[in-house]
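Notes for the structure review
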Amino acid sequence: MTDLASPPLAARPAPAPQPTMARYKDRTVLAIGAHPDDLELAIGGTLAKLRNTGARVVMGVVSIPSDYETRRREAEQAAEILGCELRILVDGGTTKRIEDMKTYELVKILDDVVRETAPSAVLTHGPSEFHRDHVLVYNAALSTQRLRYFDFFSYHPNFCRPVPVQFHPRAYVDISDTIEEKMEAIAVHRSQFGDRGLPIDIYRDIARMNGRIVGVQYAEGLDVGRMLLA
Ligand SMILES: [Zn+2]
């Protein structure tokens, strides 16, 4: 039966969203990525937005797997663009591969940064990544939830060349006002993109597609692992 009294769904105005990101104002948000560029690709717009809303944002990069000096410099430039603090979590001034670490070593490294920064939210890789070292970081981050309460989110799987990936966002961050910072932060990772002739516009496309889903110009999708609604 048709309800003739109701306007068509498309004509109904969407309720104005509440500024959820403000819950992290004056608090610390810890973003954990396996390598330089992972955070910028997945949540660069979200991190810049969090900083804009008054959060202290720590970008925890687990390790630099190759070309240490260049990739460290690129990571520093990107963090500066996004207005975030950069930490290289395994840093002896040299390269290190996550898969060469024991599980307990990786958990300890993430435990240490969670204890030190006392985050109100942690954003990290998700379980459906096809990069095995990204999944290792996700699993280690999962276990840090035993240390304290924080909201826990996973972000879109990363790739330099587009491939099919499983990811089902349950929450979206409107990044319409920070998309250009995101693209700029990605672009400084020249060793991964420009110098290899790889375009970065797919990350704008993904943000545009996510934005269409929620009715804004650009958005980043997150899966929600744990979140307290109060
Ligand atoms: Zn990576």
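Residues numbered from 1 in each chain as written. Predicted model: local features only at pLDDT ≥ 70, side-chain atom pairs only at ≥ 80, totals over all residues. Heavy atoms only, no water.

Take the environment of Asp67 next. Structurally, Asp67 can be placed in the loop between strand 2 (56–61) and helix 2 (68–82). Owing to a relative accessible area of 45%, Asp67 belongs among the partly exposed residues under this scheme. Considering only alpha carbons, one finds Asp67 and Thr95, 28 residues apart in sequence, at a separation of 7.3 Å. (Helix = DSSP H or I, 4+ residues; strand = E, 2+ residues; numbered from the N terminus. Buried < 20%, exposed > 50% of the residue type's maximum accessible area, 1.4 Å probe, protein only.)

Glancing now at the coordination of the zinc ion. Bound to the zinc ion are the protein donor atoms His35 (ND1), Asp38 (OD), Asp38 (OD) and His134 (NE2), situated 2.1 to 2.7 Å from the metal. Metal-centred angles of 52 to 145° between the 4 donor atoms at the zinc ion mark the site as irregular. Counting the intervening residues between successive donors of the zinc ion yields the motif H-x2-D-x95-H. Taken together, the residues His35 in the loop between strand 1 (28–33) and helix 1 (38–52) and His134 in helix 4 (residues 132–143) connect sequence positions 99 residues apart. (Donors = N, O, S within 2.8 Å, 3.2 Å for Na, K, Ca; no water. Tetrahedral: all angles 85-135°; square planar, octahedral: opposite > 155°, others 65-115°.)

Think of a pair of aromatic rings as described by two things: how far the centres are apart, and how the planes are tilted against each other in angle. All told, the structure shown has 2 aromatic pairs when counted by the stated rule. Considering the side-chain rings of Phe150 and Phe152, the 6.4 Å spacing of their centres and the 40° angle between planes classify their relative orientation as tilted. Summarising the burial analysis for this pair, Phe150 and Phe152 share the class buried. Relative to Tyr203, the ring of Phe193 has its centre 6.0 Å away and its plane inclined at 80°; by these criteria the two rings are edge-to-face. Here Phe193 is found in the loop between helix 5 (179–187) and helix 6 (201–214), whereas its partner Tyr203 is found in helix 6, with 10 residues between them in sequence. For the pair Phe193 and Tyr203, a shared accessibility class is recorded, and that class is buried. Directly above the aromatic system of Phe150 lies the positively charged group of Arg226, at a separation of 5.0 Å from the ring centroid. (Phe/Tyr/Trp six-rings, centres within 6.5 Å; stacked < 30°, edge-to-face > 60°. Lys NZ or Arg CZ within 6 Å of the ring centre and 35° of its normal.)

Now for the sheet that holds strand 1. One open sheet holds the 7 strands; their spatial order is 3-2-1-4-5-7-6, and the pairing between them is mixed. At either margin of the open sheet sits one strand with a lone partner, and together these are strand 3 (85–88) and strand 6 (171–174). Pairwise comparison of adjacent strand axes, ignoring direction, gives a mean angle of 30° for this sheet. Here strand 2 runs beside strand 3; their pairing, made up of 4 bridges, is parallel. Residue pairing for strand 3: Gly60 is matched across the bridge by Arg87. Those strands touched by helix 4 are strand 1, strand 4 (121–124) and strand 5 (151–155), and its axis lies near 170° from that of strand 5. (Pairing = 2+ DSSP bridges. Axes fitted to C-alpha atoms, helices over the stretch in contact; angles between N-to-C directions. Contact = heavy atoms within 4.5 Å.)

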